[in-house]
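Survey of secondary and tertiary structure
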Amino acid sequence: MEWWKKSVVYQVYPRSFKDTDGDGIGDIKGVTEKLDYLKDLGIDVIWLSPVFESPQDDNGYDISDYRKIWSTFGTNEDMYELIEEAHNRDIKIVMDLVANHSSDEHDWFVESKKSKDNPYRDYYFWRDEPNNWGSFFSGSAWEYDENTEQYYLHLFTKKQPDLNWENPKVRQEVWDLMKFWMDKGVDGWRLDVISSISKHTDFPDYDEKYGKYPIGDFHTNGPRLHEYLQEMNREVLSKYDCMTVGEAPGSTPENALLFCGNDRNELNMIFTFDHMSLDLVPNSHLGKWEVKDLDLIELKDNLNTWQNGLHRKGWNSLYFENHDQPRIVSRWGNDDKYRVESAKMFATILHMMQGTPYIYQGEEIGMINAKFEIEEYDDVEIRNAYKDLVLDRKMVEKDKFMEAVYRIGRDNARTPMQWSSDDNAGFTTGKPWLKLNPSYKEINVASALNDENSVFYHYKELIKIRHEDDVVTLADFRLVDRENKSVFAYERRLDDKSILVVANFYEDDVDFELAGEYRLDEYSVLLSNYKEFEKEGNKIKLKPFEAIVLKNY
Ligand code: ISL
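Please read these numbers as outputs of a predicted model, since none were measured by experiment. Counting starts from 1 at the beginning of each chain's written sequence and moves along it residue by residue. Predicted model: local features are reported for residues with pLDDT of at least 70 only, side-chain atom pairs are reported and counted for 80 or more only, and whole-chain, interface and lining totals are derived from all residues. Processing note: side-chain calculations cover all non-hydrogen atoms of the structure and skip hydrogens and water entirely.

Remarks on the overall build of the protein
Stated formally: Runs of E in the DSSP output that reach at least two residues are strands. Runs of H or I that reach at least four are helices, and both are numbered from the N terminus. Note that the radius of gyration is over C-alpha atoms, with the globule rule given as 2.2 Å times the number of residues to the power 0.38. Each residue is assigned to one of three classes by its accessible area relative to the maximum for its type, calculated with a 1.4 Å probe on protein chains only: buried under 20%, partly exposed between the two thresholds, exposed over 50%. Here, residues are in contact when the closest pair of their heavy atoms is within 4.5 Å. Areas reported here follow the Shrake-Rupley algorithm with a probe of radius 1.4 Å; residue values treat only the protein chains shown as occluding. Charge assignment: positive for Lys and Arg, negative for Asp and Glu; neither His nor the chain ends contribute. All charge positions are set by atom: Lys at NZ, Arg at CZ, Asp at CG, Glu at CD.
Counting its secondary structure elements, the protein contains 15 helices and 21 strands. Against the 2.2 N^0.38 benchmark of 24 Å for 553 residues, the protein shows a C-alpha radius of gyration of 23 Å, consistent with a compact globule. For the protein, the spread of C-alpha atoms along the three principal axes comes to 80 × 55 × 50 Å. Burial status across the protein gives 62% buried among its 553 residues. Within the protein, residue pairs in contact and separated by at least 24 positions form 70% of the contacts whose partners lie at least 6 positions apart. When the accessible surface of the protein is split by element, carbon and sulfur atoms take 44% of a total near 21,400 Å². Between the averaged position of the 69 positive side-chain charges in the protein and that of its 106 negative side-chain charges there is a distance of 1 Å.

Examining empty space enclosed by the protein
This is how the line gets drawn: Points on a 1 Å grid, built from protein atoms alone, make a cavity when a 1.4 Å probe fits but cannot get out and make a pocket when they are open with protein on both sides within 12 Å along at least 5 of 7 lines; residues with an atom within 4 Å of a point are the lining residues. Grid points are joined across faces, edges and corners, and a volume is the space filled by probe spheres set on the points. Throughout, the ten residues Ala, Val, Leu, Ile, Met, Phe, Trp, Tyr, Cys and Pro are labelled nonpolar, Asp, Glu, Lys and Arg are labelled charged, and all others, Gly among them, are labelled polar.
A complete count under the given rule lists 3 cavities of 30 Å³ or more for this structure. A volume near 80 Å³ is recorded for the largest cavity. Lining the largest cavity are Thr272, His275, Asn302, Leu303, Trp306, Gln307, Asn316, Ser317, Leu318, Tyr319, Leu350 and Met353. Where the lining of the largest cavity is concerned, the elements lending two or more residues are α8 (296-310) and β12 (317-318). Looking at the lining of the largest cavity, the element that brings in the most residues is α8, giving 4 residues. Here the lining of the largest cavity is composed, by residue class, of 6 nonpolar, 6 polar and no charged.

Some points on the UniProt feature "domain: Glycosyl hydrolase family 13 catalytic" (unreviewed entry) in the protein
What counts here: UniProt positions are given in the numbering used here, feature names are shortened, and annotations may be inferred rather than shown by experiment.
Residues annotated in UniProt with the feature "domain: Glycosyl hydrolase family 13 catalytic" (unreviewed entry) correspond here to residues 11-414. With 30% helix and 12% strand, residues 11-414 has its two end C-alpha atoms placed 12 Å apart.

Looking at the domain arrangement of the protein
What counts is decided by this rule: Annotation comment: domain bounds sourced from an automatic or database domain assignment. Throughout, the accessible surface (probe 1.4 Å) given up by two parts as they are put together, summed over both, is called the buried area. Salt-bridge detection follows one rule: a side-chain nitrogen of Lys or Arg within 4 Å of a carboxyl oxygen of Asp or Glu. By the criterion applied in these results, polar contacts are pairs of N or O atoms within 3.5 Å in which, for protein atoms, one can donate a hydrogen and the other can accept it, and in which residues neighboring in sequence qualify only through two side-chain atoms.
Domain annotation of the protein identifies domain 1 (3-101 + 168-463), domain 2 (102-162) and domain 3 (477-552). Each of domain 1 and domain 2 has a C-alpha centre, and these two points are 26 Å apart. With 35 residues of domain 1 at the interface, the matching set in domain 2 holds 29 residues. A combined buried area of about 2,900 Å² lies between domain 1 and domain 2, and 65% of that area is made up of carbon and sulfur atoms. In terms of surface lost to domain 2, no three residues of domain 1 exceed His101, Phe203 and Tyr213, which account for 22% of the buried area on that side. Residue Asp162 is joined to Lys199 by a salt bridge in which the shortest nitrogen-to-oxygen separation is 2.9 Å. The interface formed by domain 1 and domain 2 contains 14 residue pairs in polar contact (both at pLDDT 80 or more). The set of elements that each furnish at least two residues to the side of domain 1 that touches domain 2 consists of β4 (65-69), α5 (168-182) and α11 (380-392).

Side note on the site of the ligand
Going by this rule: In these notes, residues near a molecule or strand are those with any non-hydrogen atom within 4 Å of it.
Around the ligand, the structure places 18 residues, and the nearest of them are Asp58, Asp192, Glu247, Lys288 and Asp324. In this structure, an oxygen atom belonging to the ligand sits 2.5 Å away from a side-chain N or O atom of Asp324. For the ligand, the protein covers 94% of the area, taking 500 Å² as the surface of the free molecule. Considered class by class, the residues forming the shell around the ligand number 6 nonpolar, 3 polar and 9 charged. Counting residues domain by domain, the shell around the ligand receives three or more from each of domain 1 (3-101 + 168-463) and domain 2 (102-162).

Topic: the nonpolar core
Threshold: Grouping buried Ala, Val, Leu, Ile, Met, Phe, Trp, Tyr and Cys residues that are joined through side-chain atoms within 4.5 Å yields what is termed a nonpolar core.
With 154 residues, the main nonpolar core has Met79 and Phe401 as its most contacted residues. For this core, the leading source of residues is α5, giving 7 residues. Each residue touching Met79, except ones within four places of it in the same chain, is listed here: Ile28, Leu48, Val51, Ile69, Ile93, Met95 and Trp181. In terms of nonpolar packing, the next biggest core, distinct from the first, is built from 15 residues, Ala489, Leu500, Val502 and Ile540 among them.

Considering the packing of α5 against helix α6 (residues 225-235)
Test applied: To get an axis, a line is fitted to the C-alpha atoms, and for a helix only the part in contact is used. The angle between two axes follows their N-to-C directions and goes from 0 to 180 degrees. Orientation is classified from the angle alone, with under 35 degrees giving roughly parallel, over 145 giving roughly antiparallel, 65 to 115 giving roughly perpendicular, and any other angle giving oblique. The hand of a helix crossing depends on one turn: near helix anticlockwise from the far one by less than a right angle means left-handed, and clockwise means right-handed.
At a minimum axis separation of 11 Å, α5 and α6 run at an interaxial angle of 40 degrees. Overall, the two elements α5 and α6 adopt an arrangement that is oblique. Handedness of the α5/α6 crossing: right-handed. For the pair formed by α5 and α6, the contact residues are Arg171, Trp175, Met178 and Lys179 on the first element and Tyr228, Glu231, Met232 and Glu235 on the second.

Quick word on the layout of surface pockets
Of the volumes computed, that of the second largest pocket is approximately 460 Å³. Lining the second largest pocket are 22 residues; nearest its centre among them are Ser330, Arg331, Trp332, Gly333 and Arg407. Where the lining of the second largest pocket is concerned, the elements lending two or more residues are α9 (328-331) and α12 (398-408). Considering every element that reaches the lining of the second largest pocket, the biggest residue donor is α12, with 3 residues. Looking at the lining of the second largest pocket residue by residue, the class counts come to 9 nonpolar, 5 polar and 8 charged.

Digging into the side chain of Arg190
Mapped onto the elements, Arg190 comes out in strand β9 (residues 188-191). For Arg190, a relative accessible area of 2% puts it in the buried group. Within the structure, Arg190 has its side chain in polar contact with the side chain of Asp192 (distance 2.7 Å). The contacts of Arg190, once residues within four sequence positions are left out, are Trp47, Tyr61, Val94, Met95, Asp96, Leu97, Val245, Glu247, Phe271 and His323.

Considerations on the sheet that holds strand β11 (residues 269-271)
The line we're drawing: One bridge is not enough; two strands pair if DSSP finds at least two bridges between them.
The 8 strands lie next to each other as β11-β10-β9-β5-β2-β1-β13-β12, forming an open sheet whose pairing is parallel. Only two strands of the sheet have a single partner each, and these edge strands are β11 and β12. The sheet contact formed by strand β5 (residues 92-97) and β9 spans 4 bridges and is parallel. The partner of Leu97 across the bridge, within β9, is Leu191.

Structure below.
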């Protein structure tokens, strides 16, 4: 079995993880310092969000030199040391490949801008007229450049011009930089917005009914996408023992197999947005800033389709959090009275599915969303959307916009990691680059380690189960009692071995009758987030956010 099928990945957002030099920004040495902590948790792989030279317009997702570590994070030597120290502990390192776009301060773009006949001109997309495509970060996706009187394409900020993958030289540059890091020992890549690298080069306008600058199907899954990924696999990936996970906005269970189908020779798995969009109003003129309640049955159906769609044919990634998503306990759980119970419940349903689970820093201690004043947010997405939707176009009242920010804004996940109840949560001795979540006095690593009932030890247990039991890795997936509006239950079955996961998704007690072929007395408890498990015949009496893993072998 491929190693990444039995692995659990931990995402580090270096800026907010651990600062060792007192400048208020996390660094590479900080990651190295915490390797023993991560080893204790039991993870196998670290995915490091971008650490390369960058003007930081989008916190490093705007790279100006792909072969150099950003000096605020440290040196290339620090990075080589991290790789070595991680490997000494049997932890693999996956880096973030942000190659849909570069920074506008990258030499390629600096050259490209100079003249229409510059050798780097067609490293990017230049046009005389813009179309109506929107930027993910508000406004038009085209920026006018006075020097050559043309517009360039940027699906993200105007400091993130899109690279032109039609140009074979661009692709060669990407293969070379990937090899550079893999030759240094890097074990794989998370590929940023990989579903956007191939453009519809006729740049068709969207229908105006979708708003002034729509974002839609033309933004992803362009005609040459899979040709490029197969070339990447042939030229680079196939030469290394590595893992890949492509971030794929616009992916569906059907097209997922084009990326990660066993016979495709492209990527190992993708991050879909499907399940994380279920509480957003589709096609809203406010983009992602119009939220609605989650419908549990929709979530169950969605995960079921992905689990079954990829079973034996491809491979799922499993996630609820990352640096672009809010904290799951605040989003769909209860981050107050039942914080611990609900954090463990989400962990349980996620980690017992088939696929490779991803833990985002702080998720393992049940960190919660932050509620700041608008001026206190740093995220370019929040700031641009506030200016565009609230101040300029007045499409939404400030209060309503802020409610959406509290629920789904990206900075919810980016507040510094809470190591202890000391000053600045033990994250830095300086002034943190982003305000801490005041909850750190109570929610922090030190107290989690001291409490055998903490969220941390629940994660540790889930990881251990995955490592020790191949049923978790290999078994199929079936929903149990799909229509149940309060309980998320499923079975994983491999031959006659069966694991049942039963989770109360809400804070009211609920009785769950195990119907059909299942006999509760054939099962024993493998893991639970409550000390006692109450049953009556084939009925389980579930307490708030109770989640139980049962097995029959
Ligand atoms: O987070 C989003 C909306 O809130 C997405 O649209 C997000 O921008 C998209 O998933 C791409 O994300 C990735 O690329 C961006 C970067 O800002 C994100 O942090 C990164 O994960 C541009 O590089």
